Amino acid sequence: MSLSLTRALTRSVALAALLVAGQVSAADLALVLANWDYRRLDDARDARDIRAIGQRLEEVGFEVISDYNADADDLREAAARFRDRAPEADRVLIVLDGHFVSTGTDAWLLGTDARDVGPLNLSAQGVSLTALADIAGAAAAGRSVILAGRSGRLSPQETGLRSGTQGMTLPQGVTLASGATEWMRYAIFAGLLREGVSLDDALSQLSARGFLSDTVGFTEGNIGPSQPAIDTEALRSQAEEEGFWAAISALGTEEAFDLYIDRHSRGRYVGEARRRIAALDAEEANRWQAAEERLNLTRNDRRQIQRDLTLLGYDTRGIDGIFGRGSRSAIEHWQRDRRQEVTGYLDRRQLRQITEQAAERRAEQAEAMRREEDRVWQDTGADGTEAGLRAYLERYPEGRYAADARRHLDEIETAQAEERARDARRAWRDAREQDTLAGYEAFLERFGNSEFADAARSRIAEMRNDDTDRQVAAARAEEREIVTNTVTRLLVEQRLMGLGYSLGMADGNFTDQTRRAIRQYQEDRGIFVSGYVSKRTAAFLLAGR
């Protein structure tokens, strides 16, 4: 809605509110519910303006039951209070806004906690408009009006239902109207609450159905046509505007139509003036477009123009060979910066200028990049160090000094590789002389990729296997010393079974299953795994660990 229309409506509503302030009876009841801050659905921001309507209704004498940003439970609680008060009302006004959904026979205002809305769970998601209409109709048929805002918009894909209030069934004597918040405010204070205004006239700016009449109003009073006084000043103003428009039309220029709009911003011919301006703009645009088409630009030509404009600092929003809105905007900005006629289209002279300017900019950039590379080379690679050479190549892998940098690096790496080979041979000779597990492991830690690494690993494996055999033999000997009879073996089996290890029947005989249980027990407790009851294993078993 335009700012001027909003101001006009505001003035009308304020005046109407003053006129009706003394005409509201104590038996006037209003239910005002508006939700705009939904937790899981899109917000219905304009619904917040309903709060002002509720406050104004209280000021003019209505008993107002209201709630804002209410969840489903709070909406139903407000509806229950409304139900209890409605029987005493002579007139009922219900003002609602937020997200509405309709099943075809009923409509619902959703609570702020609504989620996963569908036909089967509506009763738990909000409040039924049909139920509210039934309450209002039973209390004040012919004087019951429901106004539903349009701030909320839900797509059918979100709910499986229709958005809005269409299709709901209305009881006898109840009126339902919907529209924007500003028009709802206007309908209430400049229509419904004024004497002599019929329901039809009061709701003329809204989409209304149900009980409507051109002889019955929401507020009592004689309803009939009025005879306004002749406004001679208005007639003089209209004659002046008609003459001015005739002169403007004769000129027929864009500047003339702009002048009419400036002088008569709400005049009778503002729409026509804007249409004539648009037609003139289109005619001029066609002329500019034709001039550009005569350039016979290919798609590659257009790509190059987009690259040139981007280089000059004008964002074309892509380089695709298509002059869309981004490219046209870039051309307009280029034309404006060079004080040329802003058309968004190019002629041959402008194309040549863009090409020349872009070539100059590329030459400047190339020179600046060359100077910067020279500086970086002096700061990094020129001293011949490995770190400096790598720093240069990281920044300029295809630079003018890249070949020299790689040659120097190859020399450095060759020398380093030879030194590492010499060190590896010396270290391998020392490890062979020591011939210890620790010596071979230390060699692999330093020279794990050398030519001697596989030999070191093989020797470590041999030494570890020999050590394992020795430890198993020692464990077997220890078992012979401490497990000397059937009773002792039976005790070992019972302890293992008590600790949850499966070994079949405890009979004092160490079977393969018994050996597996012993190995598992040793592995679980970090004891050397031998399958025999060593002294350490026996100590753990006796301690019940």
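Residue numbers here run from 1 along each chain, matching the order of that chain's written sequence. Note on the predicted model: pLDDT of at least 70 is required for a residue's local features to be given, and 80 or more for side-chain atom pairs to be given and counted; whole-chain, interface and lining totals, by contrast, use all residues. To get the side-chain values, all heavy atoms of the structure are used, and hydrogens and water are removed first.

Participant: Just checking my understanding: could you explain the confidence of the model for the chain for this structure?
Facilitator: Any region with low pLDDT has predicted coordinates that should not be read closely. Confidence of the predictor at the level of single residues is captured by pLDDT, which takes values from 0 to 100. Of all residues in the chain, 91% attain a pLDDT of 70 or more, and the chain-wide mean is 85. Note on residues 1–24: pLDDT under 50 across the span, and 35 contacts to partners over four residues away in sequence or across chains. Throughout residues 226–230 the model reports pLDDT below 50, and contacts reaching past four residues in sequence, or to other chains, amount to one contact. Every residue pair with non-hydrogen atoms within 4.5 Å of one another is taken to be in contact.

Participant: How should the side chain of Asp 71 be read in this particular structure?
Facilitator: Each helix corresponds to a stretch of at least 4 residues labelled H or I by DSSP, and each strand to a stretch of at least 2 residues labelled E; elements are numbered beginning at the N terminus. Looking at the element boundaries, Asp 71 is found in the loop between β2 (63–68) and α3 (72–85). For the exposure calls, accessible area comes from a 1.4 Å probe over protein chains only, and a residue counts as buried if that area is under 20% of its type's maximum, exposed if over 50%, partly exposed in between. Counted charges follow a simple rule, with Lys and Arg positive, Asp and Glu negative, and His plus the chain ends left uncounted. When a carboxyl oxygen of Asp or Glu lies within 4 Å of a side-chain nitrogen of Lys or Arg, that pair is called a salt bridge. One buried charged residue, Asp 71, remains without a salt bridge, the closest side chain of opposite sign being Arg 39 at 4.1 Å. Within polar-contact distance, the side chain of Asp 71 engages the backbone nitrogen of Asp 73 at 3.3 Å. Residues within four places of Asp 71 in sequence aside, it is in contact with Arg 39, Gly 111, Thr 112 and Asp 113. Throughout this description, a polar contact denotes any pair of N or O atoms lying within 3.5 Å of each other; where both atoms belong to protein, one of them has to be capable of donating a hydrogen while the other can accept it, and for residues adjacent in sequence the pair is counted only when both atoms sit in side chains.

Participant: Mind showing me how you'd approach the sheet that holds strand β6 (residues 126–128) here?
Facilitator: Hydrogen bonds between backbone groups are what pair the strands of a sheet, and the pairing can be parallel or antiparallel. Spatial ordering of the open sheet is given by β6-β5-β4-β8, a layout of four strands whose pairing is antiparallel. Both edges of this open sheet fall to β6 and β8 (162–163), since each of them pairs with a single strand only. Every axis corresponds to a line fitted to the C-alpha atoms, with the helix fit spanning only the stretch in contact, and the corresponding angles, defined between N-to-C directions, vary from 0 to 180 degrees. Running at roughly 35° to β6, α3 makes contact with β5 (107–110) and β6 of the sheet. In the packing of helix α4 (residues 129–140) onto the sheet, the strands contacted are β4 (100–102), β5 and β6, and the crossing angle to β6 comes to about 45°. The pairing criterion for strands is at least two bridges between them, as found by DSSP.

Participant: Help me understand the layout of surface pockets in this model?
Facilitator: One water molecule sets the probe size; rolling that probe over the atoms shows where empty space is left. Both site types are read off a 1 Å grid over the protein atoms alone. A 1.4 Å probe that fits but cannot get out defines a cavity, while an open set with protein on both sides within 12 Å along at least five of seven lines defines a pocket; lining residues have an atom within 4 Å of a point. Grid points are joined across faces, edges and corners, and a volume is the space filled by probe spheres set on the points. Size it by volume and the largest pocket reaches roughly 230 Å³. As for the largest pocket, its lining consists of 17 residues, and the residues nearest its centre are Arg 150, Gly 164, Thr 165, Gln 166 and Ser 178. Taken together, the elements giving at least two residues each to the lining of the largest pocket come down to β7 (144–149), β9 (174–179) and β10 (207–210). Class assignment for the residues of the lining of the largest pocket results in five nonpolar, nine polar and three charged. Quantified by volume, the second largest pocket comes out at close to 190 Å³. Together, 13 residues line the second largest pocket, and Trp 288, Glu 341, Thr 343, Asp 347 and Gln 350 are the ones closest to its centre. Mapped by element, the contributors of at least two residues to the lining of the second largest pocket are α10 (270–293) and α13 (348–379). In terms of residues, the lining of the second largest pocket owes the most to one element, α10, which gives four residues. Here the term charged refers only to Asp, Glu, Lys and Arg, the term nonpolar to Ala, Val, Leu, Ile, Met, Phe, Trp, Tyr, Cys and Pro, and the term polar to all other amino acids, Gly among them. Classifying every residue of the lining of the second largest pocket gives five nonpolar, three polar and five charged.

Participant: What exactly am I supposed to notice about the sheet that holds strand β3 (residues 91–97) here?
Facilitator: With mixed pairing, six strands are arranged side by side in an open sheet as β2-β1-β3-β7-β9-β10. Taken across any chain shown, the strands that pair with only one partner, and hence form the sheet edges, are β2 and β10. Strand-to-strand twist in this sheet, taken as the mean axis angle between neighbours without regard to direction, amounts to 10°. Strand direction decides the pairing type here: strand β1 (residues 28–34) and β3, joined by seven bridges, are parallel. Within β3, the position partnered with Asp 28 by the bridge is Arg 91. In the packing of helix α6 (residues 181–192) onto the sheet, contacts are made with β3, β7 and β9, and the angle to β3 comes to roughly 165°.

Participant: Looking at this model, I keep getting lost on the nonpolar core. Mind explaining?
Facilitator: Nonpolar side chains tend toward joint burial in soluble globular proteins. Formed by 39 residues in total, the largest nonpolar core has its most connected members in Leu 31, Phe 82, Ile 94, Leu 96, Leu 109, Leu 110 and Leu 132. Listed by contribution, the elements that provide at least two residues to this core are β1, α3, β3, β4, β5, α4, β7 and β9. Sort the elements by how many residues they give to this core and α4 lands first, with five residues. With residues near it in sequence (within four places) discarded, Leu 132 still touches Leu 31, Ala 79, Phe 82, Ile 94, Leu 96 and Val 127. Nonpolar cores are built from buried Ala, Val, Leu, Ile, Met, Phe, Trp, Tyr and Cys residues. Side-chain atoms within 4.5 Å join them into one set. In terms of nonpolar packing, the next biggest core, distinct from the first, is built from 30 residues, Ala 34, Val 60, Leu 93 and Leu 203 among them.

Participant: Help me out: how do you make sense of the pattern of salt bridges in this one?
Facilitator: Any two side chains of opposite charge can pair if their charged atoms end up close together. Evaluated as defined, the whole model comprises 29 salt bridges. Of the charged contacts, one joins Arg 390 and Glu 413 as a salt bridge, the two residues approaching to 2.6 Å between their closest N and O atoms. Placement of Arg 390 in helix α14 (residues 386–395) and of Glu 413 in helix α15 (residues 402–434) is noted, with a sequence separation of 23 residues between them. Across the pair Arg 457 and Asp 454 runs a salt bridge, and its minimum N-O distance is 3.3 Å. Here Arg 457 and its partner Asp 454 are both found in helix α17 (residues 453–482), three residues apart, which amounts to about one turn of the helix. Take Arg 457: its relative accessible area is 41%, and that puts it in the partly exposed class. Given the relative accessible area of 57%, Asp 454 is considered exposed.

Participant: For this particular structure, what's the right way to read helix α18 (residues 486–498)?
Facilitator: Within an α-helix, residues lying three or four positions from one another point in the same direction, as the helix has 3.6 residues per turn. With 13 residues, α18 extends 18 Å between its outermost C-alpha atoms, agreeing within 8% with the 18 Å of an ideal straight helix rising 1.5 Å per residue. Regarding α18, the residues found buried are Val 492, Glu 493 and Leu 496. Projected onto a plane normal to the axis of α18, the buried residues spread over an arc of 95° and lie on a single side. Away from its buried face, by an angle of more than 90 degrees, α18 presents the exposed residues Val 487 and Gly 498. Lining the buried residues of α18 we find α19 (512–524) and α20 (535–542). The N-cap residue of α18 is Asn 485: its side-chain oxygen and the backbone nitrogen of Val 487 are 3.1 Å apart. To estimate how far a helix should extend, the number of its residues minus one is multiplied by 1.5 Å. Regarding the arc, it is the one traced by the directions from the helix axis to the C-beta atoms.

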